[in-house]
Amino acid sequence: MISVKKLVKRFGLKTVLRSLDFEVQEGEFVALLGPNGAGKTTFLRILASLSRPTFGDVRVAGYRLPNQAAAVRRNLGVVSHLPLLYGDLTAEENLRFYGRMYAVPELNHRIDDILALVGLSSRRRDLVRTFSRGMQQRLAIGRAILHDPDVLLFDEPHTGLDQDACDMLDNLLREVAGQGRTVVMTSHDLARVEDLASRFDVLSHGVVTASAGRNDLGGHNLLDFYRQALAG
Amino acid sequence: MTHLQTTELRPSASIHPSSSSFLKAIGAIVWKDLVAELRSRELLSAMLVFALLVILIFNFALELDPSTRKVATPGILWATFAFAGTLGLNRSMAVEKDRGCLDGLLLAPVDRSAIYFGKTISNLAFMLIVEVVVLPVYSVLYNTNLFNPGLIIVILLGSVGYVAVGTLLSSMAVQTRTRDVMLPILLFPVVIPILIAAVKASSGFLQGVALEEVMPYINLLIVYDVIFTAVAYMVFDYVVEE
Amino acid sequence: MKPQPLTLKVLNVVSVLLFLGALGMVFLYAPLEATMNYVQKIFYFHIANAWIGMLGFIAAAVAGILYLVKHDQKWDIIELAAVEISLVFFLIAILAGSIWARPTWGAYWTWEPRLTTAAILEMVYVAYLLLRQGIDDPDRRARFSAVYTLVGAISVPITFMSIRLFRTIHPVVIGSNPAATTGSFDMTAKMLVTMFFALFSFSIIFIDLFWHRIRLGQLAQNVEQLKLEELQ
């Protein structure tokens, strides 16, 4: 689903990603961990086709970036820590807008389904401006899956949410990922991620220093694994 | 890392979306901007109040007697539109930038120029709305009849050119540190041909001058509009893609 | 630090010599003009400076397009050098023109096409420099600068033509001379020679300065690189 070989990203003279290799199979849920400044957001933006690789081979959903970016975007859903929603539009209008941009068929139906899935049907005519952060994130996820993409990218989606909101978000994430989609999620919250992901990769100093499937962790704590990966 | 198979490349799907999805995307963006604005009216009220204040300031700054007023009207009008216009352009782009919505637009599987045309059309709509309100108000305040079909055409052509360049430059300005301040600095030197042609043409129409004398300025406006819409369309990708 | 190549050192000397030569020709060789006397002599420098300004303007526009097409940072350095040089030399040309204008037309400034367009061009340049100042990311800075250079390069000639729809009082030097323009004069052979020599000398000076400025840009880039390497 996602294949990254020798990815290098430079901003001017600063190298953020150095010869990064990364592979994700269909249906995997990969948690991308790493300290601030490791390059997680940069990496995710490249996968999301929002940023061009300086060198390297990046393929998502069978299409190559950046040349076939438009085709990639059709199969991509992105949730970042910014809501990407318009505050002056209602929940329904936001979904309608994105639905049109993605040329989603049977849009009305789809909007109803999505609103029900994220638990916001009762608030469909309310302005997003009035939503709490948790509700906005849920609607953001709804927006991300509106066009039924194969690949989902989440950039620290739990940022700014309280416990209840996080729990609700996690349930939603499980449900959405469980539909056979491929997910890559960056996070600082190791406890939450431990329950959600099937694989854990650690990004440090611009490369992936460690990767382990859920079963490979064995007796080790995720925290120990993480610390080890950073130290090594 | 565990041994993984390489993904197979799918046959190269068309990366040129059909023209209908292109037009649909433009329509969606315009619809979104209009709905959001009609609801909050922040942008329009700011532009309108500002425009009226500028006219007020000109009233005291220039102290015109009725005959000079007639000559100065086109200049005052266009100065007002130019200043109020930057407010609108700034706000329109800031909305996208602040909530990360620009990324949302860039993630859509449509040509970047759809974003450019969508935003330009909404910006044009806002500017025209302000102009439609300012004209009658000015007419009343200064006892000048501004309901002149030639004038309307000039305002339309001038606004199109202004917004064509303005949308491109505001997309750049909103991504700099200095933000709001940057747009007028970038925009005004480049938009001077419009101001010259629009003021001269407006003045020509208001004073009932022969059409042949006004035509060169109208032509200039049209040429400017065409050239800069084309240039902005070609260059917009470089301004939004990283 | 790369030392100046031999060609550049030779060019430095040649530039100085040519400049002195031009000065000599202007004051010793060229005849005194009938009506304006010594004031007219500033004309040679005014023209030469404006000429360099034009060269810089064209160089900047070309460099801008090349950057957008090739994405090579060196075109950005060239573009900035061209803009800076053009800015300074047009400024000198405007000032020289003003000094000439006072005794001839009675005012330091008139709003005639060439002069006004030059002033507007200066403002475009200043806007360009301010734009560069407001962006930290080198790639974005280069992209935006190139775009703005293109917009400016197209709009300034259009501006000139729009102002020219008004009447002009700027003397037409080479070619027909409508009797109405005050301050115009016909040039004798010696004056023409002096003028062309001045143009030639200043062209060489332009190349010399351009080269130096590009070197400066490259050195600045090297410094940035070294700084980054130190931090990492």
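Residues numbered from 1 in each chain as written. Chains lettered and ligands numbered in written order. Predicted model: local features only at pLDDT ≥ 70, side-chain atom pairs only at ≥ 80, totals over all residues.

As for the packing of helix α5 (residues 133–145) of chain A against helix α6 (residues 163–178) of chain A
Residues and elements named next belong to chain A. Between α5 and α6, whose axes approach to 9 Å, the crossing angle comes to 10 degrees. In this view, α5 runs roughly parallel relative to α6, as classed from their interaxial angle. Each of Gly134, Gln137, Arg138, Ile141 and Ile145 in α5 lies in contact with α6, whose residues at this interface are Ala165, Met168, Leu169, Leu172 and Val176. Counted by class, the contact of α5 with α6 contains 7 nonpolar, 2 polar and 1 charged residues. (Axes fitted to C-alpha atoms, helices over the stretch in contact; angles between N-to-C directions. Helix = DSSP H or I, 4+ residues; strand = E, 2+ residues; numbered from the N terminus. Parallel < 35°, antiparallel > 145°, perpendicular 65-115°, else oblique. Contact = placed C-beta atoms within 7 Å. Nonpolar A, V, L, I, M, F, W, Y, C, P; charged D, E, K, R; others polar.)

Here we look at the nonpolar core
The biggest cluster of nonpolar side chains holds 208 residues, and the ones touching the most others in it are Val60 and Leu153 of chain A, Val165, Leu186 and Leu221 of chain B together with Ala198 of chain C. At 17 residues, helix α7 (residues 182–206) of chain B tops the list of elements feeding residues into this core. Leave out the neighbours within four places in its chain, and Leu153 of chain A touches Leu44, Leu47, Ala48, Leu76, Val78 and Val184 of chain A. (Core = buried A, V, L, I, M, F, W, Y, C linked by C-beta atoms within 7 Å. Buried ≥ 20, exposed ≤ 12 C-beta atoms within 10 Å, placed from the backbone.)

Structural notes on helix α4 (residues 113–133) of chain C
Helix length check: α4 of chain C, at 21 residues, gives a terminal C-alpha distance of 30 Å against a target of 30 Å (1.5 Å per residue), a fit within 8%. Among all positions in α4 of chain C, only Leu115, Thr117, Ile120, Leu121, Val124, Tyr125, Ala127, Tyr128 and Leu131 of chain C are buried. Along its buried surface, α4 of chain C packs onto α7 of chain B together with α3 (73–105) and α5 (138–164) of chain C. (Expected span 1.5 Å × (residues − 1).)

A short note on unusual backbone geometry
Residues and elements named next belong to chain A. Following Leu65, the chain continues into Pro66 via a peptide bond in cis, with omega recorded as 0 degrees. The topology assignment puts Pro66 in the loop between β5 (63–65) and α2 (69–74). With phi around 70 degrees, Ser49 is a residue other than glycine that occupies positive phi space. Here Ser49 shows up in the loop between α1 (40–47) and β4 (55–60). Judged by local crowding, Ser49 falls into the buried class, with 24 C-beta atoms found within 10 Å.

Considerations on the interface of chain A and chain B
Counting residues at the interface gives 34 residues for chain A, matched by 31 residues for chain B. Put simply, the parts of the chain that give the side of chain A that touches chain B at least two residues each are α2, β6 (76–79) and α3 (91–101) of chain A. Partitioning the side of chain A that touches chain B into residue classes produces 18 nonpolar, 8 polar and 8 charged.

With respect to the confidence of the model for chain B
The predicted model of chain B averages 86 in pLDDT, with 93% of residues at 70 or higher. Predicted confidence is poor over residues 1–16 of chain B, with pLDDT under 50, and the contacts of this stretch with residues over four places away or in other chains come to 17 contacts. (pLDDT = per-residue confidence, 0-100.)

Overview of the interface of chain C and chain A
Contact residues are listed per partner, giving 6 residues for chain C and 4 residues for chain A. For the side of chain C that touches chain A, the elements supplying multiple residues, two or more each, are α5 and α6 (189–231) of chain C. Broken down by element, the residue count for the side of chain C that touches chain A peaks at 3 residues, all from α6 of chain C. Class assignment for the residues of the side of chain C that touches chain A results in 2 nonpolar, 1 polar and 3 charged.

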